[in-house]
Amino acid sequence: MNSPVLIACAHGTRNVEGQAAIRQVMAEIEALRPGLTVVEAYVDVQEPELGGVVAGLPEGTPAVVVPLLLSTGYHVKVDIPKAIKSRPEVTAAPPLGPDPRLAELLAARLRDAGLGEGDGVLLAAAGSSLPDGSVDSEEQARQLAELLPNKVRVAYGASAEPNVPDGVAALRAELTGAEVTDDGGRVVVSSYLLATGYFHDQLSKAGADVVTAPLLPSPVLAEIALERYDAVVAARS
């Protein structure tokens, strides 16, 4: 029996580097699972749009929508269910985060950026109007904090509070008065974003001393995406 189609559903971006990074994840999924049909789709900005992709599947074709998104928010709770509601053979997996492997990747990006033991870390997530998104981001921050001696706080690019500039200011205030050594005392923004694009560009304007690179490129995202897919397939069998 053929495996269900994996619909890799990303947010979408106008940033060419960001588009390439997401397509690289899809290529890595295909490389990890030869023979699996992987179809790209987006919930915003880019085409093909998820609803059209689902509608274009031959009737009765089983498929799993894997959100290439980092937390549960409006797209996961509303847009994806809406796109698949008339096709019972198409189901949806959870988003990629939170996940301990993402915490490890975030910690690696921080080390690459020269994180000192006395620096404060602000995990900067995209943000969601739904509370589930903040819960997921806070859990990801907790997992990251387990790997670091640093203070770790959370802020959001949009739709949730605190926003990133306010988060930077608050964390800097926390660090004021603490013993500052040669390897610390700065505010380091940890980009909890998949790729470059509008939200990542805004991080450099938030007043932090350092901003890390986004999560991609990394093979970890394709590995997590396949794990999410496999869990849904196993539950359906």
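It should be noted that the structure appears before, not after, this text.
Residues numbered from 1 in each chain as written. Predicted model: local features only at pLDDT ≥ 70, side-chain atom pairs only at ≥ 80, totals over all residues. Heavy atoms only, no water.

**A closer look at unusual backbone geometry**
Stage number 1. Put simply, E47 and P48 share a cis peptide bond, and its omega is 5°.
Stage number 2. With an omega of 0°, the peptide bond running from E161 to P162 counts as cis.
Stage number 3. Although it is not a glycine, V45 sits at a positive phi angle of roughly 70°.
Stage number 4. Mapping V45 onto the fold places it in the loop between β2 (38–42) and α2 (50–56).
Stage number 5. The exposure class of V45 is partly exposed, given its relative accessible area of 37%.
Stage number 6. For S159, which is not a glycine, the phi torsion comes out positive at approximately 70°.
Stage number 7. Considering the arrangement of structural elements, one finds S159 in the loop between β6 (151–156) and α6 (164–175).
Stage number 8. On the basis of relative accessibility, which here comes to 55%, the residue S159 falls in the exposed class. (Helix = DSSP H or I, 4+ residues; strand = E, 2+ residues; numbered from the N terminus. Buried < 20%, exposed > 50% of the residue type's maximum accessible area, 1.4 Å probe, protein only.)

**Some thoughts on the sheet that holds β2**
Stage number 1. Read from one edge to the other, the open sheet built from four strands follows the order β2-β1-β3-β4, with strand pairing classed as parallel. Every other strand in the sheet has two partners, leaving β2 and β4 (90–92) as the edge strands with one partner each. Sheet twist, expressed as the average angle between the axes of neighbouring strands with direction ignored, equals 25°.
Stage number 2. Contacts from helix α1 (residues 16–32) reach β1 (5–10) and β2 within the one sheet, and its direction differs from that of β2 by about 155°. (Pairing = 2+ DSSP bridges. Axes fitted to C-alpha atoms, helices over the stretch in contact; angles between N-to-C directions. Contact = heavy atoms within 4.5 Å.)

**Here we look at the packing of helix α4 (residues 100–112) against helix α5 (residues 131–145)**
Stage number 1. For the pair α4 and α5, interaxial distance at closest approach is 9 Å and the crossing angle is 60°. Accordingly, the angle class assigned to the pair α4 and α5 is oblique. At the point where α4 passes α5, the crossing takes the right-handed sense. Contact residues: α4 offers P100, L102, A103, L106, A107 and L110, while α5 offers Q140, Q143 and L144. (Parallel < 35°, antiparallel > 145°, perpendicular 65-115°, else oblique. Left-handed = near helix turned anticlockwise from the far one by under 90°.)

**Thoughts on the nonpolar core**
Stage number 1. One finds L6, I29, L68, L144, L194, L215 and L221 to be the most contacted residues of the largest nonpolar core, which totals 48 residues.
Stage number 2. Broken down by element, the residue count for this core peaks at eight residues, all from helix α8 (residues 220–236).
Stage number 3. Residues in contact with L194, not counting those within four places in the same chain, are I22, L68, L70, L96, P214, L215, L216 and L221.
Stage number 4. The next biggest cluster of nonpolar side chains, apart from the first, holds 15 residues, and it includes I7, A41, V54 and A83. (Core = buried A, V, L, I, M, F, W, Y, C linked by side-chain atoms within 4.5 Å.)

**Topic: the layout of surface pockets**
One way to see where empty space is left: roll a probe the size of a water molecule over the atoms.
Stage number 1. What the largest pocket holds in volume is close to 880 Å³.
Stage number 2. If you trace the largest pocket, you find 40 residues lining it, with H11, L69, A126, L193 and F199 closest to the centre.
Stage number 3. Going through the elements one at a time, α1, α3 (74–84), α5 and α7 (198–203) are the ones with two or more residues in the lining of the largest pocket. (1 Å grid on protein atoms, 1.4 Å probe; cavity = no way out; pocket = protein on both sides within 12 Å on 5 of 7 lines; lining within 4 Å. Points joined across faces, edges and corners; volume = space filled by probe spheres on them.)

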